[in-house]
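Here's the letter readout for the chains.
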Amino acid sequence: MTSPIRRIAICTGGGDAPGLNAVIRATVTAAANRGWSCMGIRNGFNGILQPERYPTGGVMELTRDQVRGIAHLGGTLLGTTNKGDPFHFPLTLPDGTLTEIDRSDEILDYFQREGIDALVSVGGDGSLTIANELHRKGLRVVGVPKTIDNDLDKTFTTFGFDTAVSFATECLDRLHSTAESHQRVMVVEVMGRYAGWIALHAGIAGGAHAILIPEMAFDLDKVAAKIRERDADGRLYSLVVVAEGALPQHGQRAVLAPAEIGHAERLGGIGEQVARDLAQRTGKEARTVVLGHLLRGGSPTSFDRLAALRFGSAAVRALDEGLSGVMVALGFPNVNYVPLEEVAGRMKAVPPDCDTLQTGRDLGVCFGD
Ligand code: F6P
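Not measured: the values here are computed from a predicted model.

Let's shift gears to the site of the ligand. Close to the ligand lie N82, I148, D149, M191, G192, R193, E244, H263, H293 and R296. Within the side chain of E244, one N or O atom sits 2.7 Å away from an oxygen atom of the ligand. H293 places a side-chain nitrogen or oxygen 2.7 Å from an oxygen atom of the ligand. For the ligand, whose free accessible area comes to 400 Å², the fraction covered by protein is 81%. Of the residues that constitute the shell around the ligand, the class distribution is two nonpolar, four polar and four charged. When we break the shell around the ligand down by domain, the ones giving at least three residues each are domain 1 (7-159 + 300-342) and domain 2 (163-296).

Written out as structure tokens, the structure is:
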């Protein structure tokens, strides 16, 4: 029998995604409807672990009034970070070397001291792994799946993905006319880390002629052949979408900065590489557009906004039902709950036989394989 809830906290961690504010709004409001108060932790868990950085408080009470009219806003009113894992918190030693320490007990102590009964943790793989570990240490936790990359398992989709795909599709729509006017190859690099969901969905929706995703190592000769074939047909321009983590068959992933303590490797640069190599192979002019963080900014689409509001509300219902250690997930027609254990550390890659990929093949898209 779990004790009744009176007070919960919410935090947002990892890279931001459109819809975070909608989750916050629904969580705070659903909590208030049950007579619970809701605290917001700033910048992941850093509001608790580095209170000195927040002169106005690292943890703040979130009232109904504070979350009114925010569901359509991008970003997160709490702030976020990918440098604050309490289990591997970065610490600079007196000699200047960087190490990491486990500060997770401080989170549990804080919750106990402040009378906070449960946590709603909104984040991607990293944040949900932390949420799972905190749950294993005895904290009541419900996770909410967030990432523009859509690479979290056991949920139909994450919020943020639809907004990223919609924006990338609009960019591709715009690039068709300029590419055609100049008879160029336009290479569009999109985020997605080791999963090609954004590249695949936006590429097909936006009529790309080649799509290169991390799940399928690519051979640029095949892409060059596709471009030549289009040229021979009088279609003198081509659009190529490449995921930041796409892997050349005989090469390396393009890494901007290697992994370091407290931070995963930073990907980027494959677009420029592909454009240069395609120009060489085809003799055509090629240009690169890197959509990068533009995919994470701006207002959530109505799909993401609704998913995020449903997730926030479902997270509070889960806590009310006495659940812990679960993630709310999008199913059809309802949201459901899956154990965090089954999600943490597992990436949802694009299955090579999925129908979206087959649709691309039927449409004549080259995947470089
Ligand atoms: O996980 C979302 C994501 O958008 C990835 O696609 C990308 O590699 C990463 O964030 C970049 O994050 P940042 O620049 O914030 O470190």
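Our focus in this paragraph is the domain arrangement of the protein. Domain boundaries assigned for the protein yield domain 1 (7-159 + 300-342) and domain 2 (163-296). Placing the centre of domain 1 and that of domain 2 at their C-alpha centroids yields a distance of 33 Å. Contact residues are listed per partner, giving 17 residues for domain 1 and 14 residues for domain 2. Between domain 1 and domain 2, a total of about 1400 Å² is buried, with carbon and sulfur atoms accounting for 57% of that surface. Among the ionic pairs, D16 bridges to R296, the shortest N-O distance being 2.9 Å. Counting across the domain 1 and domain 2 interface gives four residue pairs in polar contact (both at pLDDT 80 or more). Among the elements that make up the side of domain 1 that touches domain 2, the one with the highest residue count is strand β5 (residues 98-101) (three residues).

Checked against the element boundaries, A224 lands in helix α7 (residues 220-232). In this structure, the C-alpha to C-alpha distance between A224 and T282, residues 58 residues apart in sequence, is 6.1 Å.

We now examine the pattern of salt bridges. Evaluation of the coordinates by the stated rule reveals 16 salt bridges. The salt bridge involving D320 is made with R34; its shortest N-O contact spans 2.7 Å. Taken together, the positions of D320 in helix α9 (residues 302-320) and R34 in the loop between α1 (20-33) and β2 (37-41) put the pair 286 residues apart, joining distant regions of the chain. The salt bridge involving R361 is made with D369; its shortest N-O contact spans 2.8 Å. Here the residues in one salt-bridge network are E133, R136 and E341, joined through shared partners.

What follows is about the state of the cysteines. For the structure on display, the rule yields zero disulfides. Sulfur of C38: no disulfide; nearest cysteine sulfur belongs to C11 and is 10 Å away.

A few words on the packing of α1 against α9. Relative to each other, α1 and α9 sit at 35°, their axes nearing to 7 Å. Here α1 and α9 pass one another in a crossing that is right-handed. Taken together, the residues of α9 that come into contact with α1 (itself represented by A22, V23, A26, T27, A30 and A31) are R305, A308, L309, G312, S313 and V316. Split into classes, the residues belonging to the contact of α1 with α9 amount to eight nonpolar, three polar and one charged.

Looking now at the environment of E180. Its place among the elements puts E180 in helix α5 (residues 161-182). A sequence separation of 101 residues divides E180 from R281, and the C-alpha atoms of the two residues are 19 Å apart.

With that settled, the discussion passes to the sheet that holds β2. With mixed pairing, seven strands are arranged side by side in an open sheet as β3-β2-β1-β6-β7-β14-β15. The sheet terminates laterally at β3 (59-62) and β15 (335-339), the two strands that pair on one side only. Sheet twist, expressed as the average angle between the axes of neighbouring strands with direction ignored, equals 30°. Bridge count between β2 and β3: four bridges; the pairing is antiparallel. Residue pairing across strands places C38 opposite L62, the latter belonging to β3. Sheet strands touched by α1: β1 (7-12), β2, β3, β6 (118-123) and β7 (141-145). Its angle to β1, the strand with the most contacts, is close to 180°. Sheet contacts for helix α4 (residues 125-136): β6, β7 and β14 (326-330); angle to β6, the most-contacted strand, approximately 160°.

About the cut-offs
Residues numbered from 1 in each chain as written. Predicted model: local features only at pLDDT ≥ 70, side-chain atom pairs only at ≥ 80, totals over all residues. Heavy atoms only, no water. Near = heavy atom within 4 Å. Polar contact = N/O pair within 3.5 Å; in protein donor to acceptor, adjacent residues only side chain to side chain. Areas by Shrake-Rupley, 256 points an atom, 1.4 Å probe, with all protein chains shown as cover. Nonpolar A, V, L, I, M, F, W, Y, C, P; charged D, E, K, R; others polar. Domains from an automatic or database assignment. Contact = heavy atoms within 4.5 Å. Buried area = accessible area lost by both parts, 1.4 Å probe. Salt bridge = Lys/Arg side-chain N within 4 Å of Asp/Glu carboxyl O. Helix = DSSP H or I, 4+ residues; strand = E, 2+ residues; numbered from the N terminus. Disulfide = S-S within 2.5 Å. Axes fitted to C-alpha atoms, helices over the stretch in contact; angles between N-to-C directions. Left-handed = near helix turned anticlockwise from the far one by under 90°. Pairing = 2+ DSSP bridges.

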